[in-house]
Amino acid sequence: DCVWLSMSAAGMGAFVAGLQTVGADVRVYGAQGNFTTELADAYPDLLEGGVVLNAYPNLVDPVWDEYRAAIDEYNPDALAKANSLAGLGVWAAYVAFHDIAEMIEGDVTAESFLETARQQDAFQTMWGPTIDLSVEAGPMPGFPRVLNLTVTFDRVTNGELTPTGEFADMTDAVQPA
């Protein structure tokens, strides 16, 4: 009925090729950056309706306008251009660092940055969730500094990764039974 492919983009491509070879009729689920538009283009019939789990909004979202402009201007390697955790995560971290550094009066040092960050009880991320950086531990047991447990999804529609535009809070899903 369905298959979750938690593997690299290259591994996922090889696995999907095998699925097509044996005539599989399954819905494919995968992670942002690994389940890509290129993969959907290569296997349009098999991957139609597939679902991508995202930590960040899809690269087409307006929240990434400055990021896409920087890609166009500086032409980084393919990894940075991808709708992936590597590219999007680094940009989101840069924006968060910038936003906190802007709040600091005086020199930006490791100490002043951490002090300012730890005072933020309603830090607004660039893509939506508000995070309480002042807490000692977040809601995920065993991972004290994981403070954001929201995800969003893309669905392959007519060969394109189409964002749902909605975030789901997964806090309850990671709690001990």
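Residues numbered from 1 in each chain as written. Predicted model: local features only at pLDDT ≥ 70, side-chain atom pairs only at ≥ 80, totals over all residues. Heavy atoms only, no water.

Enquirer: Hey, could you run me through the pattern of salt bridges in this one?
Expert: Pairs can form between side chains of opposite charge once their charged atoms are near each other. Using the criterion set out here, one finds 1 salt bridge in the structure. Residue Arg68 pairs with Asp65 through a salt bridge whose shortest N-O separation is 2.3 Å. You can see Arg68 and its partner Asp65 sitting in helix H4 (residues 65–74), 3 residues apart, about one turn around the helix. A relative accessible area of 27% places Arg68 in the partly exposed class. (Salt bridge = Lys/Arg side-chain N within 4 Å of Asp/Glu carboxyl O. Helix = DSSP H or I, 4+ residues; strand = E, 2+ residues; numbered from the N terminus. Buried < 20%, exposed > 50% of the residue type's maximum accessible area, 1.4 Å probe, protein only.)

Enquirer: Could you clarify how one ought to interpret the layout of surface pockets in this entry?
Expert: One water molecule sets the probe size; rolling that probe over the atoms shows where empty space is left. The space that makes up the largest pocket amounts to roughly 580 Å³. In terms of lining, the largest pocket is formed by 25 residues, of which the most central are Ile100, Ile131, Leu133, Arg145 and Leu147. Every element with two or more residues in the lining of the largest pocket is listed here: helix H6 (85–101) and helix H7 (110–117). Residue contributions to the lining of the largest pocket peak at 7 residues, all from H6. A class-by-class count of the residues in the lining of the largest pocket yields 18 nonpolar, 4 polar and 3 charged. Roughly 250 Å³ of internal volume is contained in the second largest pocket. Around the second largest pocket sit 13 residues that line it, and Thr37, Glu38, Leu59, Ala82 and Asn83 are the ones nearest its centre. Breaking the lining of the second largest pocket down by element, the ones donating at least two residues are helix H2 (37–42) and strand E7 (160–169). With 3 residues, E7 is the largest single contributor of residues to the lining of the second largest pocket. Taken together, the residues of the lining of the second largest pocket sort by class into 5 nonpolar, 5 polar and 3 charged. (1 Å grid on protein atoms, 1.4 Å probe; cavity = no way out; pocket = protein on both sides within 12 Å on 5 of 7 lines; lining within 4 Å. Points joined across faces, edges and corners; volume = space filled by probe spheres on them. Nonpolar A, V, L, I, M, F, W, Y, C, P; charged D, E, K, R; others polar.)

Enquirer: Just to check I follow, could you spell out H4 for this structure?
Expert: Each α-helix winds once per 3.6 residues, and so residues spaced three or four apart point in a common direction. The set of residues buried in H4 consists of Tyr67, Ala70 and Ile71. Buried residues of H4, viewed axially, fall in a sector of 100°; they line one side. Those residues of H4 that are exposed and aimed more than 90 degrees away from the buried face are Glu66, Asp72 and Glu73. Of the residues trailing H4, Asn75 is marked for its positive phi of about 50°. (Arc of directions from axis to C-beta.)

Enquirer: Could you clarify how one ought to interpret the side chain of Thr150 in this entry?
Expert: Residue placement: Thr150 occurs in strand E6 (residues 150–157). Within polar-contact distance, the side chain of Thr150 engages the side chain of Asn148 at 2.7 Å. Beyond its immediate chain neighbours, meaning those up to four positions away, Thr150 contacts Ala55, Pro129, Phe167, Ala168 and Asp169. (Polar contact = N/O pair within 3.5 Å; in protein donor to acceptor, adjacent residues only side chain to side chain. Contact = heavy atoms within 4.5 Å.)

Enquirer: When you look at the nonpolar core in this model, what are you seeing that I'm missing?
Expert: Soluble, globular proteins show a tendency: their nonpolar side chains are buried together. One finds Met12, Val16, Val28, Phe35, Leu39 and Leu47 to be the most contacted residues of the largest nonpolar core, which totals 16 residues. Where this core is concerned, the elements lending two or more residues are strand E1 (2–5), helix H1 (9–21), H2 and helix H3 (44–47). Here the element with the most residues in this core is H1; it accounts for 3 residues. The residues touching Met12, leaving out its near neighbours within four places in the chain, are Leu5, Met7, Val28, Tyr29, Gly30, Asn34, Phe35 and Leu39. (Core = buried A, V, L, I, M, F, W, Y, C linked by side-chain atoms within 4.5 Å.)

By themselves, these observations are geometric and do not establish any function.
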